[in-house]
Amino acid sequence: MYLKKTKFLIVGMYKSGLSACELLLSYGAECWVYDKNLNEKVGDFIKRACNLGAKSVNSENIEDVISLVDVVVLSPGVPIDDEVPIIARRLKKNIIGELELGSYFNKATTVAVTGTNGKTTTCSMIDYVLKNAEYNCFLAGNIGIPLTKVCNESVPEEISVVEVSSFQLETIAHFTPHIACVLNISPDHLSRHYNMDNYVYLKARILKNLRESEFAVLNADDPIVKDFASKTRAKAVYFSMAKEVDGAYYIDGKIYWRKEYLCDAKNLALKQGHNIQNALACICVCKLLGVEKEKIIDGLSSFKGVKHRLQEVSVHNGVKYINDSKATNPASTLSAIRDMENSFIILIGGREKRGGYEELFSSLKESNLLKEIIVYGESCERLYEIAKECGIKNINVAHNFNNAVNFAFSLSGAECVLLSPACSSYDEFSCFEERGDKFIELVNGFIGKQGESK
């Protein structure tokens, strides 16, 4: 498209919306910006866009602007069935997402990773191993760096490692990674996607444009993901924690790539089961890109993980404080508790998602390491009822996050305090990062006061 003659409406003004606006304005396009959820942060992003030359739209004249523009660009947080895209479809306007827009300008070879859990860790791991092997690469996408922010400076010799969410997959049309990796699928975001069938369909869309020259890296242990091989023309390469496959696999404590022994799992910096699985996916991607065996092993043996995912904040008086704020659904929290090696107190709460809490609380009831559960936030009463129905007795209610964390400090008898919420953060925070940072702040403040009192 000839950008100087194309009019755009950008819907959803946060990091992705502003980055899309900056990119389009840099090419001389005419841009309007809109967000129905006005607050201080959104207002600041709108102001920044307008200072660059964009025009702000309000709810009263939004339909007039939609009729005027050629393309509507949706940020990931805007559902495809929201009011603006519904009007845009009625008026036969082109609708794309911020990821799709960024892919038009991205000259680097793309590795795209999706899945319910593990996306950020796996993307960060791939990026780390590639950089360790002296490849030119950059991270983008759902990991917190909009593709439109970095795509304009990309070159063909680079590799872009892109974390892709189901929200972004709603609005792709031509997005075509060279390697598409699907880690796992369990219930998540069903309040937006309505049911599991729609969610699975959206995850499979990451493969929709792949050709025979591309690769689909799939989890052979997940029956839904394994079946995705039938939905793509790309070459399927697998990873497995249970059996030998055409790809990377783990057997008897050892890791292999297509029958070639690579290393013992104990040599990995992250040794938990779910991180071994993430490492297998990483191995598949890096091997397909031609990274040498020794460079892969060296990278995996020194990669320490990402912030907010089972992050050890501190150890004080024999108690370890772990920030797992990125666990925004029950499946992710289940993964965390399965990796617990010491007695623990767990904080669960926020804005509830649909499905999976009965399994989570049933697993907690069976755990010999669990000391106490603290439920908090918008969903605390509902979570309390589910826990009670599962037969849990050692459960406490705190109506907000700060009270929950401070209450955890007052309890004794556990070797670990684990924040693993199994819920979104949107009842009290703008994102899981803000929630995790608050946990770190409260823990450090508590430890500091303990030191002063001695």
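Treat the numbers as computed from the prediction; the structure is a model and nothing was measured. Per chain, residues are indexed from 1 in the order of the written sequence. Reporting of local features is limited, given that this is a predicted model, to residues whose pLDDT is at least 70; pairs of side-chain atoms are given and counted only at 80 or more, and all residues count toward the totals for whole chains, interfaces and linings. Water and hydrogen atoms were dropped before computing side-chain values, which therefore reflect all heavy atoms in the structure.

What about the sheet that holds strand β3 (residues 55-56)?
Phase 1: Should DSSP find at least two bridges between two strands, the strands are regarded as paired. Secondary structure counts use DSSP, requiring at least four H or I residues in a row for a helix and at least two E residues in a row for a strand, with both numbered from the N terminus. Taken in spatial order, the five strands line up as β3-β2-β1-β4-β5 in an open sheet, and their pairing is parallel. Among the strands making up the open sheet, the edge pair consists of β3 and β5 (94-97).
Phase 2: Here four bridges tie strand β4 (residues 71-74) to β5, and the two strands are oriented parallel to one another. Within β5, the position partnered with V73 by the bridge is I96.

Concerning the nonpolar core
In a soluble, globular protein the nonpolar side chains are often hidden away together inside.
Phase 1: What makes a nonpolar core is a set of buried Ala, Val, Leu, Ile, Met, Phe, Trp, Tyr and Cys residues whose side-chain atoms join them at distances within 4.5 Å. Only protein chains enter the calculation, and the probe is 1.4 Å; a residue is then buried if its accessible area is under 20% of its type maximum, exposed if over 50%, and partly exposed in between. Within the largest apolar cluster, 54 residues are counted, with the highest numbers of intra-cluster contacts made by I10, M13 and C31.
Phase 2: Residue contacts are defined here by distance: any two heavy atoms, one from each residue, within 4.5 Å place the two residues in contact. Setting aside its immediate chain neighbours within four residues, C31 contacts F8, I10, C21, L24, L25, A54 and K55.
Phase 3: Membership of the second largest hydrophobic core comes to 44 residues, among which are I126, C137, I179 and C181.

What about the pattern of salt bridges?
Phase 1: Just to be clear on terms, a salt bridge is a Lys or Arg side-chain nitrogen sitting within 4 Å of an Asp or Glu carboxyl oxygen. Here the structure, examined in full by the defined rule, presents 21 salt bridges.
Phase 2: When the shortest N-O distance is used, the salt bridge between R48 and D44 registers 3.7 Å. Placement of both R48 and D44 in helix α2 (residues 40-52) is noted, with a separation of four residues, approximately one turn of the helix.
Phase 3: R48 sits in the partly exposed class, given a relative accessible area of 39%.
Phase 4: Residue classification places D44 among the partly exposed residues on the basis of a relative accessible area of 38%.
Phase 5: A salt bridge links K131 to D127; its shortest N-O distance comes to 2.6 Å. You can see K131 and its partner D127 sitting in helix α6 (residues 119-132), four residues apart, about one turn around the helix.

So, the sheet that holds strand β20 (residues 416-419)
Phase 1: Sheet architecture is open: six strands sit in the order β15-β16-β20-β17-β18-β19, paired in mixed fashion. Only two strands of the sheet have a single neighbouring strand rather than two, namely β15 (311-316) and β19 (395-398). With strand direction ignored, the average angle separating the axes of adjacent strands in the sheet is 20 degrees.
Phase 2: Across six bridges, the pairing between strand β17 (residues 344-349) and strand β18 (residues 370-376) is parallel. Each bridged residue has a counterpart across the sheet, and for L347 the counterpart in β18 is I374.
Phase 3: Under this scheme, a helix contributes an axis fitted over its contacting stretch, all axes are lines through C-alpha atoms, and angles between N-to-C directions fall in the 0 to 180 degree range. This element, helix α15 (residues 357-366), spans β17 and β18 of the sheet and lies at about 165 degrees to β17.

Quick look at the layout of surface pockets
Phase 1: Two kinds of site are reported from a 1 Å grid over the protein atoms alone, namely cavities, where a 1.4 Å probe fits but cannot get out, and pockets, open sets with protein on both sides within 12 Å along at least five of seven lines, and residues are called lining when an atom falls within 4 Å of a point. Grid points are joined across faces, edges and corners, and a volume is the space filled by probe spheres set on the points. What the second largest pocket holds in volume is close to 520 Å³.
Phase 2: Taken together, 21 residues form the lining of the second largest pocket, with Q272, L310, E312, K320 and I322 sitting closest to its centre.
Phase 3: Elements with a minimum of two residues in the lining of the second largest pocket: α12 (273-288), β15 and β16 (319-323).
Phase 4: Split into classes, the residues belonging to the lining of the second largest pocket amount to six nonpolar, seven polar and eight charged. Amino acid classes used here: Ala, Val, Leu, Ile, Met, Phe, Trp, Tyr, Cys and Pro are nonpolar; Asp, Glu, Lys and Arg are charged; the rest, including Gly, are polar.

Quick look at the pairing of strand β2 (residues 30-34)
For a regular strand, the rule is simple: side chains alternate between the two faces of the sheet.
Phase 1: Most of β2 is tucked away: four of the five residues are buried.
Phase 2: Pairing geometry for strand β1 (residues 7-11) and β2, over five bridges, is parallel. Counterpart to K7 in the pairing with β2 is E30.
Phase 3: Throughout, right-handed denotes a crossover for which the path from the first strand over the helix to the second runs clockwise when the strands point away from the viewer. Handedness of the crossover is the feature at issue here: the chain leaves β1, passes through helix α1 (residues 15-26), returns alongside β2, and the resulting connection is right-handed.
Phase 4: With two bridges joining them, β2 and β3 adopt parallel strand pairing. Bridged to V33 within β3 is S56.
Phase 5: Since β2 and β3 lie parallel, the crossover through α2 that links them has a hand, and here it is right-handed.

Digging into helix α13 (residues 293-300)
Phase 1: Taken together, the buried positions of α13 are occupied by I296, G299 and L300. For α13, the angular spread of buried residues about the axis comes to 95 degrees, placing them on one side.
Phase 2: Residues of α13 that are buried in the fold lie against α6 and α12. This arc is taken over the directions from the axis of the helix to the C-beta atoms.

Points about the state of the cysteines
Phase 1: Two cysteine sulfurs form a disulfide in these notes if their separation is within 2.5 Å. Evaluated as defined, the whole model comprises zero disulfides.
Phase 2: In this model C21 remains outside any disulfide bridge; the closest cysteine sulfur is found in C31, 4.7 Å from its own.
Phase 3: The thiol sulfur of C431 is not disulfide-bonded, and the nearest other cysteine sulfur, from C423, lies at 16 Å.
Phase 4: Its relative accessible area of 21% is what places C431 among the partly exposed residues.

Brief notes about the packing of α6 against α13
Phase 1: Contact geometry of α6 with α13 gives a least axis separation of 8 Å together with a crossing angle of 125 degrees. By the angle class used here, α6 and α13 are oblique. By crossing handedness, the relation of α6 to α13 is classed as right-handed. Only K295, I296, D298, G299 and L300 of α13 make contact with α6, whose side of the interface consists of M125, Y128, V129 and N132.
Phase 2: For the contact of α6 with α13, the residue count by class is five nonpolar, two polar and two charged. When an angle is under 35 degrees it counts as roughly parallel; over 145 it counts as roughly antiparallel; between 65 and 115 it counts as roughly perpendicular; any other value is oblique. What makes a crossing left-handed is the near helix being turned counterclockwise from the far one by less than a right angle; a clockwise turn instead makes it right-handed.

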